[in-house]
Amino acid sequence: MKAISRRQFLKGAFAGALGITAMSVLGGCAFDSGAPSGSAEVSSEPSGTAAAFANTHTNPLDIEKRTVLLNNGLEMPIFGIGTYILTVEQAENSVYNALKDGYRLIDTSAAYNNEVGVGAGITRAIAEGIVKREDIFVTTKLWPTSYNTSGVDAALERLGLDYVDLLLLHQPMGDYVSGWKALEQALSDGKVRSIGLSNFYGDDFTTIMNNAAVPPALLQVETHLKNQQNSTMKLLDPFGIVLEAWFPLGGKGHTDRFFNFPEVKALAAKYGKAPAQIIIRWHLQENHICIPGSSNADHILENIGSFDFEIEDGDIETLNALNEDSAYFYAVPTDLEANGLTDGT
């Protein structure tokens, strides 16, 4: 699969959000943004609302059960299949193969332009008796142009599902406070079971916390050996919010480099595991939900083989020492403006 530019990514996202012919070229991204716009009155300074949620701790991942207890009382699988930059056909096959191999967590997004394929893979697995709907946990994300109840309904229609288990706001753009209210309404209406955020940091995260009636259950952000999100984990802990890692293996253009880090290769040899399995296991032991994506059936099967061993504490510290707080995926304001996505969207 060819690498894509930031501009291609955003062009595909904008086209998909408007219902234009899908360009299967995008996934999560992180970027700086200003304050949200729109009619909602918002607060970006710490307030009593956010403080009221800060009375718990993030639960540890139960690696033996392969689940984590969210702050809303629901259990969520801790390992799943990501579908970033997969075509509709690839998404269907990857989801089907993953469910057949024992995966129970699926991640997609309106912006990926492949929810139809994800839904088809789920339907196929259910029809063959591989899983029941209640056995799996489906996550999707709304793009800023659809931060409303219509966006929720459209996502369910594309997936062919009556509900999703987790619905996220994909980016801190547009009137995301009203978007959060739409997620809360969908939760109340039974269209979703949990709600959360993707790529919200700093003031944007605080604004949501200060204006939420229901706190996020999860934050999905770029997390890998070179960007370990330690400060983010500390921020989330008092609210019981779980971190989910996208680009867990480094992302396109970095995965092979990660697999060839001397530290990773040495541990792969020590434990008799593939480099991908070492990195995935590190994520799990560091309390990150992990959703590596792949269209390769062999890789999908290999990745789930990360539960039958444990990395020793000293080796975890060796991997922790690789951190540089370096994110690899950025969209910049000029890219957003070129595709009609600005803070005023």
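Residues numbered from 1 in each chain as written. Predicted model: local features only at pLDDT ≥ 70, side-chain atom pairs only at ≥ 80, totals over all residues. Heavy atoms only, no water.

**Some details on unusual backbone geometry**
Part 1: Here the phi dihedral of Ile85 falls at roughly 55 degrees; this positive angle occurs in a residue that is not glycine.
Part 2: Counting through the fold element by element, Ile85 comes out in the loop between strand S3 (81–82) and helix H3 (88–101).
Part 3: The class of Ile85 is buried, set by a relative accessible area of 7%.
Part 4: Notably, Asn287 is not glycine yet its phi reads approximately 75 degrees, a positive angle. (Helix = DSSP H or I, 4+ residues; strand = E, 2+ residues; numbered from the N terminus. Buried < 20%, exposed > 50% of the residue type's maximum accessible area, 1.4 Å probe, protein only.)

**Observations regarding the pattern of salt bridges**
Pairs can form between side chains of opposite charge once their charged atoms are near each other.
Part 1: Overall, the coordinates contain twelve salt bridges when judged by the stated rule.
Part 2: When the shortest N-O distance is used, the salt bridge between Lys191 and Asp153 registers 2.7 Å. Note that Lys191 is positioned in the loop between helix H6 (176–188) and strand S7 (195–198) and Asp153 in helix H5 (residues 149–159), a separation of 38 residues in sequence.
Part 3: Here Glu184 and Lys181 are joined by a salt bridge, their closest N and O atoms 3.7 Å apart. Taken together, the residues Glu184 and Lys181, both in helix H6 and three residues apart, mark about one turn of the helix.
Part 4: Overlapping salt bridges bring together Arg133, Asp165 and Arg193 as one network. (Salt bridge = Lys/Arg side-chain N within 4 Å of Asp/Glu carboxyl O.)

**Thoughts on the packing of helix H11 (residues 275–285) against helix H13 (residues 313–320)**
Part 1: Taken N-terminus to C-terminus, the directions of H11 and H13 make an angle of 100 degrees; their axes are 11 Å apart at the nearest point. By the angle between their axes, H11 is roughly perpendicular relative to H13. Touching Ile278, Trp282 and Gln285 of H11 are Ile316, Leu319 and Asn320, all from H13.
Part 2: In terms of residue class, the contact of H11 with H13 is made up of four nonpolar, two polar and no charged. (Axes fitted to C-alpha atoms, helices over the stretch in contact; angles between N-to-C directions. Parallel < 35°, antiparallel > 145°, perpendicular 65-115°, else oblique. Contact = heavy atoms within 4.5 Å. Nonpolar A, V, L, I, M, F, W, Y, C, P; charged D, E, K, R; others polar.)

**Some points on the packing of aromatic side chains**
Part 1: All told, the structure shown has twelve aromatic pairs when counted by the stated rule.
Part 2: Judged by centre distance (5.0 Å) and plane angle (40 degrees), the rings of Phe79 and Tyr103 are tilted. Taken together, the residues Phe79 in the loop between strand S2 (75–77) and S3 and Tyr103 in the loop between H3 and strand S4 (105–107) connect sequence positions 24 residues apart. Both residues of the pair, Phe79 and Tyr103, count as buried.
Part 3: The interplanar angle of 75 degrees and the centroid separation of 6.2 Å between the aromatic rings of Phe258 and Tyr328 together place this pair among those described as edge-to-face. Of this pair, Phe258 sits in helix H9 (residues 255–259) while Tyr328 sits in the loop between H13 and helix H14 (333–338), and the two are 70 residues apart along the sequence. (Phe/Tyr/Trp six-rings, centres within 6.5 Å; stacked < 30°, edge-to-face > 60°.)

**Quick look at the pairing of strand S9 (residues 242–246)**
In summary, the side chains of a regular strand alternate between the two faces of the sheet.
Part 1: Counting buried residues in S9 gives five out of five residues, a clear majority hidden from the surface.
Part 2: Burial of S9 is two-sided: the residues Val242, Glu244 and Trp246 facing one way and the residues Leu243 and Ala245 facing the other way are all buried.
Part 3: Direction of pairing for strand S8 (residues 218–222) relative to S9: parallel, over a ladder of five bridges. By the bridge assignment for S9, Leu219 is matched with Leu243.
Part 4: Running through helix H8 (residues 230–236), the crossover from S8 to the neighbouring parallel element S9 is right-handed.
Part 5: Where S9 lies against strand S10 (residues 288–290), three bridges are found, and the strand directions are parallel. Paired with Leu243 across the strands is His288, a residue of S10. (Pairing = 2+ DSSP bridges. Right-handed = clockwise from strand over helix to strand, strands pointing away.)

**A look at the sheet that holds S9**
Part 1: The eight strands are arranged S3-S4-S5-S6-S7-S8-S9-S10 in an open sheet whose pairing can be described as parallel. Either end of the sheet is taken by a strand with one partner, and the two such strands are S3 and S10.
Part 2: Note: S3 against S4, two bridges, orientation parallel. Residue pairing in the sheet places Gly82 in a bridge with Asp107 of S4.
Part 3: Packed on one face of the sheet, H5 meets strand S5 (137–142) and strand S6 (166–169) and runs near 135 degrees to S5.
Part 4: Packing of H11 onto the sheet brings it into contact with S9 and S10, and relative to S10 it is tilted by some 140 degrees.

**A word on the side chain of Thr67**
Part 1: With respect to the secondary-structure elements, Thr67 resides in strand S1 (residues 67–69).
Part 2: When sequence neighbours within four positions are dropped, the list of residues in contact with Thr67 reads Leu61, Asp62, Glu75, Met76, Pro77 and Ile78.

**Details of the packing of helix H4 (residues 115–127) against H5**
Part 1: Taken N-terminus to C-terminus, the directions of H4 and H5 make an angle of 50 degrees; their axes are 7 Å apart at the nearest point. Between H4 and H5, the angle falls in the class oblique. Where H4 abuts H5, its residues Glu115, Val116, Val118 and Gly119 lie against Ala155, Arg158 and Leu159.
Part 2: Broken down by class, the residue content of the contact of H4 with H5 amounts to four nonpolar, one polar and two charged.

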